[in-house]
Amino acid sequence: GLNWASSVQDDSSSLYDEDDDDDDDEDDEDDDKEALYEPVPWKDMPASQKKRLLIDGITETMWTRWLEEEQQPYLQYAEWEDLPLDYQHALILLGWTQSSFNFKVLVPSISKLPWNELTVSQQEAATVLGYTSSDWVMMSVMMAEDFVYVALALDIPELRRFGWEYFETLDDVMVEVQDGATVGDDMGEGNLVSLASFIKLARKGLTSMYMKYEDSNGFKKDLPSELGVSVLTYMKEVLMNSKELREKGHWKKEYDSRSYTEYNWSVWIGGINTTTSIHYDTDAFNFLYVIEGKKRIVLIPNDERTFGNYTCIPAPGDSCWPGVDVLNPDNLPEHAVEIILGPGEGLSTPSNVWHAVENLEPTVAVAFRVGDGGIVDRPWPELSEEEQEMVKLWGIQEYDWEIRTRIGRDFVALWNSDDNDSDNNEEEVDAWTGKEESNDDDDSDDDDDDDSDDDEEEDSDDDDEEDSDDEEEEDSDDDVEFKDIDWVLLPEGFRHELQLLGYTKTLWDQDEPCYLEAPFWPDLSASHQQALEALECASTIGESYDGSCVNAMWILLSKEKQAAAKSLGYTQEEWDAIVDIRTRRSLVKQFLL
C-alpha cells in the first residue's frame with residue numbers, strides 16, 4: 001500500500017482552481033487581466049499577482065523596466081494587430097508570425113536557445129520585448145500553474161497480465177530501445193532489438209537500455225493490440241471514476257467523452273537503475289501506473305521557488321529537458337518531493353511540473369495521458385464558432401475535421417481487430433479516405449467457362465464505354481478552365497495551396513508563369529534561377545524543390561533577397577502571406593496530425 005499522503009497541495013494556493021458550477025464570463029476574464037497588469041511596483045504586489053505574472057513569463061526585472069519606461073508588457077496584447085510596430089518587428093526577429101502569436105501555440109525554436117547563442121539582432125529584439133540575459137529563460141520555460149499531484153493505489157485487474165512474463169513470450173517482435181542512463185532528452189533514434197532478448201537482459205539488470213513507447217511512436221503497432229486497447233479502455237474507466245482525481249481537478253468532466261487514440265497511451269519497460277532525467281510535459285493530464293516492479297519519482301515545483309534553476313535545451317517536441325541530474329538521493333534539489341510506486345500504484349503529475357524517474361527494480365509501467373490541445377479530440381459541432389474559425393484558418397474544413405475525429409473514435413475498434421482481420425481493416429481505412437475498396441481477387445476462379453464465352457462481348461462493351469467516357473471528360477474539360485477563374489473567386493483553401501506553390505494574385509490574374517511550375521532546376525528560366533540563387537533556394541541539377549526558402553518575413557530579408565523576390569512576382573504583402581500560411585501548416589503538423 002501507499003505510505004505517503006495520497007495527494008499534496010503546496011503552501012501557495014492554485015490561482016486556477018476550477019469552479020464546477022460556472023465558467024468565468026469573458027467580462028470577468030477581461031477584468032482579471034486588467035487587474036493583473038495594473039501598474040504597481042513589484043514590491044507592493046500581492047504574492048498571487050506575482051505568481052500569475054511569472055506564469056505568463058514576466059519577471060521582476062521586466063516588470064520594473066516597463067514601469068520605468070511607461071510601456072505595456074507585450075504579453076498583455078491579445079492580438080498581433082494591437083501590438084506596437086517595434087514589438088511586432090522584435091517578435092518577427094525571434095521567429096514569431098502573426099498566426100503563431102495569435103494562436104499562442106507554436107513557440108519558435110529560437111526561444112529555446114541560451115542567450116549567448118542568440119545573434120546580436122536577436123538579443124536586441126529580446127531587449128525590446130523587455131528581456132535581459134537573466135530573464136531570457138522565461139521565454140523557453142513554461143511555468144506550472146500549481147504543484148498539486150495525486151498518488152493513488154488503483155485496482156485494474158485487466159492490466160495485471162501485461163507483466164514481464166507476457167512480454168518475454170513475444171519472440172517475433174522487434175522493438176526500439178533507448179539509452180536508459182541519458183541525462184537530457186533521451187527520445188532520439190534508438191537501437192532495434194528483439195523484444196524477448198531485451199526483456200531477459202532487463203529482468204536480470206544486464207542492460208541499461210530502456211523501452212519507452214509514447215505519443216505516436218510507430219513501433220507501438222508492432223506490439224499486440226490488446227495492450228493499447230486495455231489501457232484506453234480499462235485504465236481510462238478507472239481514472240474516470242476516481243473521486244480524488246476529479247476533486248483535485250486532474251480529471252476534468254470533458255475528458256469523459258473525448259476520443260482517444262494511440263497518442264493517449266504509453267508503455268515503459270526498463271531494468272534496475274534505468275532512468276528518465278528531469279523534464280516537464282505539457283499534457284493536460286498524465287497518469288503513470290506500475291504493473292510490475294518499483295519506481296522512484298522526484299517531483300520539483302516549477303514556479304517562483306525554482307525560477308532560473310533549470311533551462312530548456314533545444315529538443316524536438318513540447319517537453320523541456322534541462323540536461324541535469326536530480327536523482328542523486330544524497331543531493332536532492334530544494335523543494336523536491338520523492339514518490340515510490342509499486343505494483344498497482346500510480347501518479348498523476350500536473351502539467352509543466354519538473355520530474356525525473358528511476359526504476360528501483362526491473363519495471364513494467366503504462367501511462368494514460370490527455371493532450372493539452374483538447375480541441376483536436378472534439379467533433380466539429382462541439383467546437384465553438386471561434387474554434388471553427390481558427391481551424392479554417394489552418395486550412396482545414398469541416399469534412400477533413402470529421403474524417404480525422406472519426407478515425408480517432410474508431411481507433412480502438414480498428415486496432416483491436418488488427419491481428420485477425422487485417423484485410424477488413426484496410427477496407428475500413430479506405431472507406432475513411434474515400435478510396436474504393438478492391439475486390440479483384442474475389443471469386444476469381446468461379447465460372448471460368450462462362451467468363452471465356454463472354455470475353456469478346458465484354459471487350460467490345462468496354463471499348464464503347466471508354467470512348468464515351470473520353471468524350472464526357474473532353475466535354476467537361478471544355479466547360480471549365482481552372483486557370484481562367486479570378487483569384488478572388490477561388491476558394492480560400494485553393495488560394496492557400498497555390499500560394500504554397502509560389503503563386504500570387506498578380507501572377508495568377510495576369511497568367512504569368514510561376515517559378516515552381518517547372519519542378520526541376522534545368523527547366524527554369526535563367527532569370528528565375530538567378531533570383532532563386534539570391535534567395536538561397538538554388539537546387540543542384542536534376543533535383544526537385546518546394547520553395548521552402550520562403551520562410552522568413554519580408555523585413556528579415558536583405559535588400560538583395562527582396563529584389564530577387566520582386567523579380568519572381570512577389571510583393572511584400574504576398575510574400576508575408578505565404579510565410580504565414582506555412583506557419584499555419586506547422587501548427588497543423590504539430591498539433592493536429
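Residue indices follow the written sequence of each chain, beginning from 1 at its first position. In keeping with the model being predicted, local features are shown solely for residues with a pLDDT of at least 70 and side-chain atom pairs are shown and tallied solely at 80 or more, while totals for entire chains, interfaces and linings include all residues. Water and hydrogen atoms play no part in the side-chain values, which are based on all heavy atoms of the structure.

### Focus on helix α2 (residues 47-55)
Within α2, burial applies to Q49, K51, R52, L53, L54 and I55. Positive phi appears at G57, one or two residues downstream of α2, with a value of about 95°. For each residue, the accessible area found with a 1.4 Å probe, counting protein chains only, is set against the maximum for its type, and the residue is called buried under 20%, exposed over 50%, and partly exposed in between. Runs of E in the DSSP output that reach at least two residues are strands. Runs of H or I that reach at least four are helices, and both are numbered from the N terminus.

### Quick look at helix α9 (residues 195-203)
Those residues of α9 that fall on the buried side of the exposure criterion are L195, A196, F198, I199 and A202. Burial along α9 is one-sided: seen end-on, the buried residues are contained in an arc of 160°. In what follows, residue pairs with any heavy atoms lying within 4.5 Å of each other are defined as contacts. As for α9, its buried residues are in contact with α8 (164-168), β3 (174-179), β4 (191-194), β5 (209-213) and β6 (265-270). In the stretch just after α9, G205 is the one whose phi turns positive, near 70°. Summarising the geometry, the arc corresponds to the directions from the helix axis toward the C-beta atoms.

### Here's the deal with the nonpolar core
With 47 residues, the main nonpolar core has L53, Y74, L83, L91, L94, L129 and W575 as its most contacted residues. Within the residue set of this core, elements represented by two or more residues are α2, α3 (60-68), α4 (85-93), α6 (120-128), α20 (526-534), α21 (559-567) and α22 (572-591). When residues in this core are grouped by element, the largest group, 4 residues, is from α4. Residues enter a nonpolar core if they are buried and are Ala, Val, Leu, Ile, Met, Phe, Trp, Tyr or Cys, with the set joined through side-chain atoms within 4.5 Å.

### Points about the pairing of strand β8 (residues 285-292)
Taking burial as the measure, the 8 residues of β8 include 7 buried ones, the bulk of the element. Here, any two strands with at least 2 DSSP bridges between them count as paired. Sheet analysis places β8 next to strand β11 (residues 345-348), joined by 3 bridges and oriented antiparallel. Bridged to L288 within β11 is L347.

### What about the confidence of the model for the protein?
Confidence of the predictor at the level of single residues is given by pLDDT, which spans 0 to 100. On average, residues of the protein score 74 in pLDDT, and 64% of them are at 70 or above. Across residues 471-480, where pLDDT falls below 50, the model places 0 contacts with residues more than four positions away in sequence or in other chains. Segment residues 540-546 is flagged for pLDDT under 50; beyond a separation of four residues in sequence, or across chains, it makes 23 contacts in the model.

### As for the pattern of salt bridges
Here a salt bridge means any side-chain nitrogen of Lys or Arg lying within 4 Å of a carboxyl oxygen belonging to Asp or Glu. Tallying each qualifying case throughout the model produces 12 salt bridges. We note a salt bridge from D44 to K43, for which the minimum N-O separation is 3.4 Å. The salt bridge partner of R160 is D155, with a shortest N-O separation of 2.5 Å. For R160, a relative accessible area of 55% translates into the label exposed.

### Things to note about unusual backbone geometry
Located in the positive-phi region is H335, a residue other than glycine, with phi close to 75°. Assignment of secondary structure puts H335 in the loop between β9 (295-300) and β10 (337-341). Overall, the relative accessible area of 32% leaves H335 in the partly exposed class. One non-glycine residue, N352, adopts positive backbone phi at about 70°. The residue N352 is located in the loop between β11 and β12 (354-359) in this model. With relative accessibility at 9%, the residue N352 sits in the buried group.

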